[in-house]
Structure formats: structure tokens, C-alpha cells
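# Survey of secondary and tertiary structure
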Amino acid sequence: MRKPEFIYVSYIETTPERLWEALTNSAFTKRYWFDTEVRSDWKVGSPFALVMGDKTTDTGAILEADRPRRLSYTFKHQLFEEMRNEPATKVVFTIEPHGKIVKLTVTHEGFIEGSKLLGAVSKGWPAILSGLKSLLETGEVLAIPPDALGIEGFD
Amino acid sequence: MSKPEFIYTTYIETTPEKLWLALTDGDFTERYWFGHRVASAWEIGSPYKFSKQDETTIAGKVLAFEPPKRLSYTWDNQKTDLKHERSSRVTFDLEPRGKVVKLTVTHDNLDEGGKTFRDISGGWPMVLASLKSLLETGQPLPPMSSPAAQG
């Protein structure tokens, strides 16, 4: 049986440093992560939170912060009740330079069988990471209507 | 046991018509698909192929052709070590969403534990990243000379 996990790979014309900044700077994340701020001091063991407007959507703790190569944190959903009751999961970003391009691999794992959260993040990450690539390559925000993601309650 | 299938969604600032052209025009694919040109009469049941420097790399037949919404074809890798694997299927779904197009690529009918599954799982993210760059910036991704290119 395949493990319930989500993996997404993208290739972006940028540098590992710029990509690291884009993943950890809340002013930057607000521009492509559907107005979401990432909040942390990015030290191993420190708390981590995603805040959208005045709502904390997800929380966790920093597991690894090896700038600009590897970032990981635990990830527990806080907003919708069904998903709030699922155990904490884990997100890993791996950044590998290949000439003028950076390969970004996002792995989100640790889901229970039949996880609702897995369904939601599988729709969310492609949109977030598409917006991230556009912003780094063009300097412009990609205008994805939230309802295009097809996530219940997100529109 | 879940079937092996590969699904990749990306959002591109373009129009469905431009994206459709990018998927079906050989001059276009050559620019972002790492030198591979697609050619077909694009009628249901007609053959299509990808070739690079006059060598056919992928061949199959057209299963669905509904511009600019849905394109589907069978997928037979012409490499000798993959000839024994079954013919798989690729489907592109294009949905306009405001100023962007949501593109979902589904590659299924794959052999369990086959090499094709491994190859395409590494290949699609590169091809689709380069396609997105070309449509949004006017330039495909620069060539990858390092291990990523070998998948």
C-alpha cells in the first residue's frame, strides 16, 4: 500500500537563497500564499504558524532549518474541525541548485488513512507553488481565484 | 492497492487557446519539451509522435481532442528497454479560471513498479515547469546540465 503523502516537484529560475527567503519571509509569502503569513524565528524547536488575515490556519514546530537547502516543520491544521482533529503531519522543502535553476521538492507526509487534510493540501500546494514560481520568475503575482482550487470552505 | 498514476496540476497565466497551441504544435513543444517536437493530424484515432533530432521517442494515438479543453493520447515510449511495458495514457485538462488556466495532467494505465512510471514522474514536473516559464516569461527554463536532467 502506498503511503498517504503528497509530493510536488517544481523547477524555478532563481537562486536557493531567494527561494529560501520566499518560503520564510511573511511579507513575501503574503503575495503568493493566498495572503498567508508564515510566522517563526526559524530556529529548530521554535513554533511555526500560518496566519491568513486574523485567522491562524495551521501551527507546528521547526524540525530542520538548514538554509538554503532544507526546511521542515510539523504541520497541524487549526481552522476546520474535521481536519483539526487529525494528528500533526510533517512538511519538508528540499532545495537543490542545478545551474541557473533550482529544483524544489515539497513533501507533506504523516497523514492518517482517509485523511481530509491530505485532500485539502493536495489541492492547495500546486496553487501555492505555481504562484511562488511565477512571482520569482516574473516579479508578478499570479491571480489564482481561490475557488479554482476546489477546496471546500476556501473561496 | 492503489493503481500507479501520476497527477500534476499547475496554474499558468495564459489563455486556454495559447496553452492548447503549446501542447499540440511541434515548434512550440521543441522550445520547452527539451527539444522534442510533437506531430499529428490531431484527429481522434490518428497517430502522433514526439521526435528529437529525427528520432521518434514517444508514439501513440489520439484518444480525445476537444480544443481548448481536453487532450488525451496513448503513450508508448520507444526506448528498447521500455517496449515491453504496456501502453499508458496521458490526459490534459485545461480550465480557464479568471486570468489563469488550471492545467491538470493525468498519466495513468501504467505498469505497477514499471520503469515508465518512474521516468514520467521525474519528467512531467520538468516539462510542465518549463512550459509555464515559456508562457509567462517568453523563455523556457535554461537547460539543466546537472543530475536533474538525467532524472
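Throughout what follows, the structure given in this document is the object of discussion. This is a predicted model, so every value here is computed, not measured.

Moving on, we come to the overall build of chain A. Along chain A, the regular secondary structure elements total four helices and seven strands. The C-alpha atoms of chain A give 15 Å as radius of gyration, which agrees with the globular expectation for 155 residues (15 Å, within 12%). Along the first, second and third principal axes, the C-alpha atoms of chain A reach 40 × 35 × 35 Å. Expressed as a percentage of contacts within chain A between residues at least 6 apart in sequence, the contacts between residues at least 24 apart total 43%.

In this section: the overall build of chain B. Along the backbone of chain B there are four helices and seven strands. Along its sequence from the N terminus, chain B presents helices and strands in the succession β-α-α-β-β-β-β-β-β-α-α. What you see for chain B is a C-alpha radius of gyration of 15 Å, in line with the 15 Å of a compact globule of 151 residues. The dimensions of chain B, computed from C-alpha atoms along their principal axes, are 40 × 35 × 35 Å. Here chain B holds 151 residues, and the buried ones make up 32% of them. Considering only contacts within chain B whose residues lie at least 6 apart along the sequence, 41% involve residues at least 24 apart.

Attention shifts here to the interface of chain B and chain A. Contacts between chain B and chain A engage 24 residues on the former and 23 residues on the latter. Mapped onto the side of chain B that touches chain A, the elements with two or more residues apiece are strand E1 (6-12), strand E7 (100-108) and helix H3 (115-137) of chain B. Of all the elements, H3(B) adds the most residues to the side of chain B that touches chain A, at seven residues. Here the side of chain B that touches chain A is built from residues that sort into ten nonpolar, eight polar and six charged.

Attention shifts here to the pairing of strand E3 (residues 47-52) of chain A. All names here are of chain A. Relative to E3, strand E2 (residues 36-39) is paired through four bridges, and the arrangement is antiparallel. Paired with Arg-39 across the strands is Ala-49, a residue of E3. Pairing of E3 with strand E4 (residues 55-66) involves six bridges; the strand directions are antiparallel. Opposite Val-51, over in E4, you have Thr-56 as the bridge partner.

This part is about the pairing of strand E6 (residues 89-98) of chain A. Residues and elements named next belong to chain A. Pairing of strand E5 (residues 70-77) with E6, which is carried by six bridges, proceeds in the antiparallel orientation. Counted as the bridge partner of Thr-74 is Lys-90 from E6. When E6 meets strand E7 (residues 101-109), the two strands line up antiparallel, connected through nine bridges. Across the sheet, the residue bridging to His-98 is Ile-101, located in E7.

Looking now at the sheet that holds E1(B). The strands making up a sheet associate through backbone hydrogen bonding, with each pair oriented either parallel or antiparallel. All names here are of chain B. Spatially, seven strands are ordered E1-E7-E6-E5-E4-E3-E2 in an open sheet, and the strand pairing comes out antiparallel. One side of each edge strand has no neighbouring strand; the edge strands of this open sheet are E1 and strand E2 (37-40). Along the sheet, successive strands turn relative to each other by an average axial angle of 25°, direction set aside. Both E1 and E7 contribute to a ladder of seven bridges, which runs antiparallel. Among the inter-strand pairings, Ile-12 is bridged to a residue of E7, identified as Val-101.

Right, let's get into the packing of helix H4 (residues 116-138) of chain A against H3(B). For the pair H4(A) and H3(B), interaxial distance at closest approach is 11 Å and the crossing angle is 50°. Judged on the interaxial angle alone, H3(B) and H4(A) are oblique. Of the two elements, H4(A) crosses H3(B), and the hand of that crossing is right-handed. Residues A:Lys133, A:Ser134, A:Glu137 and A:Thr138 of H4(A) touch H3(B), and the partners they reach there are B:Lys132, B:Ser133, B:Glu136 and B:Thr137.

What follows covers the environment of A:Glu13. Position of A:Glu13 relative to the elements: it lies in the loop between strand E1 (6-12) and helix H1 (16-24). Overall, the presence of 19 C-beta atoms within 10 Å leaves A:Glu13 in the partly exposed class. Along the chain, A:Glu13 and A:Leu136 lie 123 residues apart, while their C-alpha atoms are 7.5 Å from each other. Setting aside anything within four residues of it in sequence, one finds A:Glu13 in contact with A:Lys100, A:Ile101, A:Glu137, B:Ser133, B:Leu141 and B:Pro142.

All right, on to H3(B) then. Residue and element names in this part refer to chain B. Across its 23 residues, H3 extends 33 Å between first and last C-alpha, which sits within 8% of the 33 Å expected from 1.5 Å per residue. Regarding H3, the residues found buried are Thr-116, Ile-120, Pro-125, Met-126, Val-127, Leu-128, Ala-129, Ser-130, Leu-131, Lys-132, Ser-133 and Leu-135. Two residues or fewer after H3 comes Gly-138, characterised by a positive phi angle close to 85°.

Conventions used here
Residues numbered from 1 in each chain as written. Chains lettered and ligands numbered in written order. Predicted model: local features only at pLDDT ≥ 70, side-chain atom pairs only at ≥ 80, totals over all residues. Helix = DSSP H or I, 4+ residues; strand = E, 2+ residues; numbered from the N terminus. Rg over C-alpha atoms; globule rule 2.2 N^0.38 Å. Contact = placed C-beta atoms within 7 Å. Buried ≥ 20, exposed ≤ 12 C-beta atoms within 10 Å, placed from the backbone. Nonpolar A, V, L, I, M, F, W, Y, C, P; charged D, E, K, R; others polar. Pairing = 2+ DSSP bridges. Axes fitted to C-alpha atoms, helices over the stretch in contact; angles between N-to-C directions. Parallel < 35°, antiparallel > 145°, perpendicular 65-115°, else oblique. Left-handed = near helix turned anticlockwise from the far one by under 90°. Expected span 1.5 Å × (residues − 1).

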